[in-house]
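# Coordinates in review
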Amino acid sequence: MKNLLITCGLFFGICVIYIIMMISKTDFEFIYTIDDAYIHLAVAKNFALHKVWGMTQYAFSSSSSSPMFTFILSVLIFIFGNHALIPLIFNLTIAFFVIYFLNKYYSQYFSRNKSVVVAILFTLFFAVFHFQVLLGMEHVLQIFLFVVNIYCFQKWLAADLKKSQSAYEFYFTIVLLGLVRFESMFYYASLAFVFACLKNFRSALLVLICGFVPIVIFGYFNYQQCGYFFPYSVVVKGASFDFSGDIFQQLKQVLFKNLIFNITFYKVSLFLVLIAGVFLYRDYRSKISFQRLVLNNLLLIVFSLTLLLNAFFGDFRGGFRYEAYLYVAFAMVIIPRIRYFFSNPISEFKKDRIIGFLILCNFFMVIYKCVFSHFVLLDGSKNIYEQQIQSAKFLKKYYNMSKVVANDIGAICYFSDIHLLDIAGLGSKEMIAFNTNGKTFDQKFKNFITSYTNENNYELAIVYEEWFGGHVPKNWKKVAVLKIDHNIVAALDHVVIYSIDLNNEKQLKENIRNFPWNKNVKVRIIGD
């Protein structure tokens, strides 16, 4: 209890400090530092209030990358009402249970309270957990399930993988993980492979069944609604690999793009893979059997394979949120093996300089990630407030139920009731074909969006002009540019408002002039 209280006090104290700093720059309104948080909120709002799983209340759209997280938010909205703070409060609550289970886990390996607290805090900040909490995204729930999963697995492993309560709890978390983040499929494949290497085919099969059946069920219903097995974001942002054309050439391109020439991959994995390699090499040199080698390093092997699969078929984009669960997993697996460094660091560094050096490297990575997240938290919510939230409030006031073309769709759909055409494809399946496999917009896209917006009577667009690559429809009239300063998280520091219905161009300009924009938004009306 003492460890739990100390750790919670330190961690949540830091969260409160950041919340105060964030709202001080957004007119004392808490704003998430990424527009994607409002995508979850928009879908959850429409499902809770209108029984429509979509970015708008008018049509189904598989825009949520985490079906379970969005469903939980929709239940909370249904019970407590539509409040933008729900993801933050939910994440803070789940964060407590993450600390609770980490406390139980590390108490098995450390006898001193100080060592337990240090181990928990290192694990949390290794994954920049305060950053994940304040993002308002699903990664906190994903980390929680992995913490419980590893905790239960270690107890099951201590019982020689025989039937036990821990085994059932382990498989239950496997069932849930895939619907929180689809990268969990890489974990299932890696775990089943290692079980197969141990000739434990029953456990390998159970992992695959418990892991993939819920995903297949979701994919079936999703396909019935929209023609895609996975959510739009997974289809658009996933690795540019399919089974058409030259498969080996595609594999080569993904290998170089996602691994060899991906600087973020090295930031994420280099020191983790090296430390895993040292442990595996030392056990190999000790001449133990293959089965004992795998058992001694089971989760270390599993998460190393998971990391490589995630990097190859997924995408490490920076920001440390997609790989946060891997940081926590590696910390939970490695810290018990280096626990003596926590009690006698100087003497242990002298005894084992290689591991000591790698620990130092990871410690500096913690500092780097915390500094990075500090600046994102400090100004990121300000950027979203000045760009996405201001755009959303403008639409809410003047075009609440109008047809709008956009590219950042979260805030504008959550705070208003617009009809949406999302050029990025995350909220409109009509646009997916123009965004998959790294495609850039071309004349075909221009012809489609010109005819589509005319035939369906769209009124205006709020978009990044540069994303069109020179293929903005000729009949769109550029009306205004909204610019912000010190941009960190927005794709660009300015958005452009176009009039699509030219009969309303004059009124659109007048609305832009009359709207009380935030003082930091520089509004330039074309022609003035």
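So, a few notes on the structure that sits alongside this text. (Residues numbered from 1 in each chain as written. Predicted model: local features only at pLDDT ≥ 70, side-chain atom pairs only at ≥ 80, totals over all residues. Heavy atoms only, no water.)

This next bit is on the overall build of the chain. Tallying secondary structure elements over the chain gives 22 helices and six strands in all. Relative to the 2.2 N^0.38 estimate, which gives 24 Å for 528 residues, the radius of gyration of the chain is 25 Å and therefore close to what a compact globule would have. With respect to the principal axes defined by its C-alpha atoms, the chain has extents near 80 × 50 × 45 Å. In the chain, buried positions account for 56% of the 528 residues. (Helix = DSSP H or I, 4+ residues; strand = E, 2+ residues; numbered from the N terminus. Rg over C-alpha atoms; globule rule 2.2 N^0.38 Å. Buried < 20%, exposed > 50% of the residue type's maximum accessible area, 1.4 Å probe, protein only.)

What describes a pair of aromatic rings is the distance from one ring centre to the other and the angle between the planes of the rings. The tally for this structure, following the rule as stated, stands at 60 aromatic pairs. With a centroid separation of 5.4 Å and an interplanar angle of 40°, the aromatic rings of Phe434 and Phe448 are classed as tilted. Of this pair, Phe434 sits in the loop between strand 2 (419-422) and helix 21 (443-455) while Phe448 sits in helix 21, placing them 14 residues apart in sequence. Phe434 sits in the buried class, given a relative accessible area of 12%. Between Tyr452 and Tyr458 the ring centres are 6.2 Å apart and the planes differ by 35°, which places this aromatic pair in the tilted class. (Phe/Tyr/Trp six-rings, centres within 6.5 Å; stacked < 30°, edge-to-face > 60°.)

This part covers the nonpolar core. Membership of the largest hydrophobic core comes to 166 residues, with the highest contact counts inside it found for Tyr106, Phe170, Tyr187 and Phe303. For this core, the element with the highest residue contribution is helix 7 (residues 139-158), accounting for 13 residues. In contact with Tyr106, not counting residues within four places along its chain, are Val116, Ala119, Ile120, Thr123, Ala331, Met332, Ile335 and Pro336. With 19 residues, the next largest nonpolar core counts Val405, Phe441, Val481 and Val496 among its residues. (Core = buried A, V, L, I, M, F, W, Y, C linked by side-chain atoms within 4.5 Å. Contact = heavy atoms within 4.5 Å.)

A separate point is helix 1 (residues 2-23). With 22 residues, helix 1 should cover 32 Å at 1.5 Å per step; its first-to-last C-alpha distance of 31 Å lies within 8% of that length. Among the residues of helix 1, those classed as buried are Asn3, Leu4, Thr7, Cys8, Phe11, Cys15, Tyr18, Ile19, Met22 and Ile23. Projection of helix 1 onto a plane perpendicular to its axis shows the buried side chains occupying an angular sector of 125°, all on one side. Facing away from the buried side of helix 1 by more than 90 degrees, the exposed set consists of Lys2 and Leu5. Those residues of helix 1 hidden inside the fold are in contact with helix 4 (86-106), helix 5 (113-126), helix 6 (129-135) and helix 19 (353-398). (Expected span 1.5 Å × (residues − 1). Arc of directions from axis to C-beta.)

Scanning the model with the defined rule gives 15 salt bridges in all. Here Arg181 ties to Glu183 by a salt bridge, and the two come within 2.7 Å at their closest N and O atoms. Each member of the pair, Arg181 as well as Glu183, carries the same accessibility label: buried. Here Arg337 ties to Asp283 by a salt bridge, and the two come within 3.8 Å at their closest N and O atoms. (Salt bridge = Lys/Arg side-chain N within 4 Å of Asp/Glu carboxyl O.)

Covalently bonding the sulfur atom of one cysteine to the sulfur atom of another cysteine gives a disulfide. In total, this model carries zero disulfides according to the counting rule given. Free of any disulfide, Cys361 has its nearest neighbouring cysteine sulfur in Cys370, separated by 16 Å. Relative accessible area serves as the criterion here: at 12%, Cys361 is assigned to the buried category. (Disulfide = S-S within 2.5 Å.)

So, on to the pairing of strand 5 (residues 494-499). The buried fraction of strand 5 is high, at six of six residues. Every second residue of strand 5 is oriented toward a common face, with His494, Val496 and Tyr498 on one face and Val495, Ile497 and Ser499 on the other, all of them buried. In terms of strand pairing, strand 3 (residues 460-463) meets strand 5 through four bridges, oriented antiparallel. Opposite Leu460, over in strand 5, you have Ser499 as the bridge partner. Pairing geometry for strand 4 (residues 477-483) and strand 5, over six bridges, is antiparallel. From the neighbouring strand, Leu482 faces strand 5, where its bridge partner is Val495. (Pairing = 2+ DSSP bridges.)

In this section: the side chain of Asn3. As for its placement among the helices and strands, Asn3 is situated in helix 1. Leaving out residues up to four positions away in the same chain, Asn3 has contacts with Asn103, Ser107, Asn113, Val116 and Val117.

Our focus in this paragraph is a nonpolar patch on the surface. On the surface, a nonpolar cluster with roughly 720 Å² of combined accessible area is contributed by Leu255, Phe256, Ile260, Phe261, Ile263, Tyr266, Leu270 and Leu274. For the nonpolar patch, the elements supplying multiple residues, two or more each, are helix 12 (247-260) and helix 13 (263-285). Looking at the nonpolar patch, the element that brings in the most residues is helix 13, giving four residues. Structurally, the position occupied by Tyr266 is in helix 13. Here Tyr266 falls in the partly exposed class, since its relative accessible area comes to 35%. (Patch = residues over 30% accessible without salt bridge, like charges linked within 9 Å, V, L, I, M, F, W, Y side chains within 5 Å. Areas by Shrake-Rupley, 256 points an atom, 1.4 Å probe, with all protein chains shown as cover.)

Another point: the sheet that holds strand 5. Sheet strands pair via backbone hydrogen bonds, and the direction of the pair is either parallel or antiparallel. Strands sit in the order 2-1-3-5-4-6 across an open sheet of six strands; the sheet is mixed. With partners counted over all chains shown, the strands left at the sheet margins are strand 2 and strand 6 (522-525), one partner each. Sheet twist, expressed as the mean angle between neighbouring strand axes with direction ignored, is 20°. Judged from the four bridges that link them, strand 4 and strand 6 form a sheet pairing that is antiparallel. By the bridge assignment for strand 6, Val481 is matched with Arg524. Packed onto the sheet, helix 19 meets strand 1 (403-406), strand 3, strand 4 and strand 5 and runs at close to 170° relative to strand 3. (Axes fitted to C-alpha atoms, helices over the stretch in contact; angles between N-to-C directions.)

With that settled, the discussion passes to empty space enclosed by the protein. Left-over empty space is what a probe sized like a water molecule reveals as it rolls over the atoms. Summed over the entire model, instances satisfying the criterion amount to one cavity of 30 Å³ or more. In this structure, the largest cavity encloses a volume near 100 Å³. What lines the largest cavity is simply Gln387, Gln388, Ser391, Ala406, Asn407, Asp408, Ile412, Ile462, Val463, Tyr464 and Val495. Here the lining of the largest cavity gets three residues from one element, more than from any other, and that element is helix 19. Across the lining of the largest cavity, the residue classes break down as six nonpolar, four polar and one charged. (1 Å grid on protein atoms, 1.4 Å probe; cavity = no way out; pocket = protein on both sides within 12 Å on 5 of 7 lines; lining within 4 Å. Points joined across faces, edges and corners; volume = space filled by probe spheres on them. Nonpolar A, V, L, I, M, F, W, Y, C, P; charged D, E, K, R; others polar.)

With that settled, consider unusual backbone geometry. A negative phi angle is the norm for most residues apart from glycine, just as the trans form is the norm for most peptide bonds. The phi angle at Asp160 is positive, at roughly 60°, despite the residue not being glycine. Looking at where Asp160 falls in the secondary structure, it is placed in the loop between helix 7 and helix 8 (165-180). Positive phi, normally seen in glycine, also occurs at His486, with a value near 55°. Note on placement: His486 falls in the loop between strand 4 and strand 5.

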